[in-house]
Amino acid sequence: MQLTYLGHSCFLLETAGKKLIFDPFIRNNELAKDKVSFEELEADYILISHGHEDHTADLIDLAKQTGATVVCSWEIHAWLNQKGITKTHPMNIGGKWQFDFGTVHMVFAAHSSSLPDGSYAGVAAGFIIESNGKKIYYAGDTALTSDMQLIPTKHKLDYALLPIGDNFTMDYKDACTAARMIQCKQIIAMHFDTFGFIQVNHEEALAHFKQHEIALTIPQITETIQL
Ligand code: NI
Ligand code: MN
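Residues numbered from 1 in each chain as written. Chains lettered and ligands numbered in written order. Predicted model: local features only at pLDDT ≥ 70, side-chain atom pairs only at ≥ 80, totals over all residues. Heavy atoms only, no water.

### A look at the coordination of the manganese ion (ligand 2)
Inference 1: At this site the manganese ion (ligand 2) is bound by Asp54 (OD), His55 (NE2), Asp141 (OD) and His191 (NE2), with donor distances of 2.2 Å.
Inference 2: Read in sequence order, the donor residues for the manganese ion (ligand 2) give the motif D-H-x85-D-x49-H.
Inference 3: A residue is classified by how much of its surface remains accessible, and histidine 191, at 0% relative accessible area, is buried. (Donors = N, O, S within 2.8 Å, 3.2 Å for Na, K, Ca; no water. Buried < 20%, exposed > 50% of the residue type's maximum accessible area, 1.4 Å probe, protein only.)

### As for the packing of helix α5 (residues 172-181) against helix α6 (residues 202-211)
Inference 1: For the pair α5 and α6, the least separation of the axes is 10 Å and the interaxial angle reads 25°. Put simply, α5 runs roughly parallel to α6. Crossing of α5 over α6 shows right-handed handedness. Here Tyr172, Lys173, Ala175 and Cys176 of α5 come into contact with α6, specifically with Glu204, Ala205, His208 and Phe209.
Inference 2: For the contact of α5 with α6, a count of residues per class yields 5 nonpolar, 1 polar and 2 charged. (Axes fitted to C-alpha atoms, helices over the stretch in contact; angles between N-to-C directions. Helix = DSSP H or I, 4+ residues; strand = E, 2+ residues; numbered from the N terminus. Parallel < 35°, antiparallel > 145°, perpendicular 65-115°, else oblique. Left-handed = near helix turned anticlockwise from the far one by under 90°. Contact = heavy atoms within 4.5 Å. Nonpolar A, V, L, I, M, F, W, Y, C, P; charged D, E, K, R; others polar.)

### Some thoughts on the nonpolar core
Inference 1: Core analysis: the largest hydrophobic core is formed by 79 residues, its most contacted members being Tyr137 and Leu162.
Inference 2: Tallying contributions element by element places α5 first for this core, with 5 residues.
Inference 3: Among all residues touching tyrosine 137, those that are not within four sequence positions of it are Val107, Phe108, Phe127, Ile128, Met148, Ile151, Leu157, Tyr159, Ala160, Leu161, Leu162 and Ile182. (Core = buried A, V, L, I, M, F, W, Y, C linked by side-chain atoms within 4.5 Å.)

Written as structure tokens, this is what we have:
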């Protein structure tokens, strides 16, 4: 199983012979657009945490280009269907579904959600992916929330992808608290540095996690991590 960072909150997860892309935002991401070749991306599934532009800007074109199944909220599914993207799998918070690569659990995220054209997108979500004997939590955009305490009662997480950029989501200190709440020792950072509001001091973030004995990876765009 391997994970490649495509910038902002966009990742490619390769597992069980399938390719999953989370929250595609590449061609309008100043940090990623010259490093990631959008036209060469392949996917079997696209997972969308919420409707905001920095998570969906490339969704429709990527869905057309790849023919992937889009896993998202009921409301984003209905919006996509209206736009002619019909290979969708609608979910909602608290539910799970078994796909050919493993099981996806849709979990709560403390955040807002609307689509770039103003359409209602349901509530914001995160995902827990259970595949190949491992469990990975993709938190989406979220604040630190006590709901996270429920996660370890059901899931023994191997890795968690958490936002650290502050302003729109939790900062790295809250992400470190979240890591302890979800009882996960391997954290991969997302939602940082892309634009002015979410610049992160990497040294300070790494030192803070080290102090709490939790491994933090702040990935470079195009970096691949073996899980
Ligand atoms: Ni957002
Ligand atoms: Mn965002």
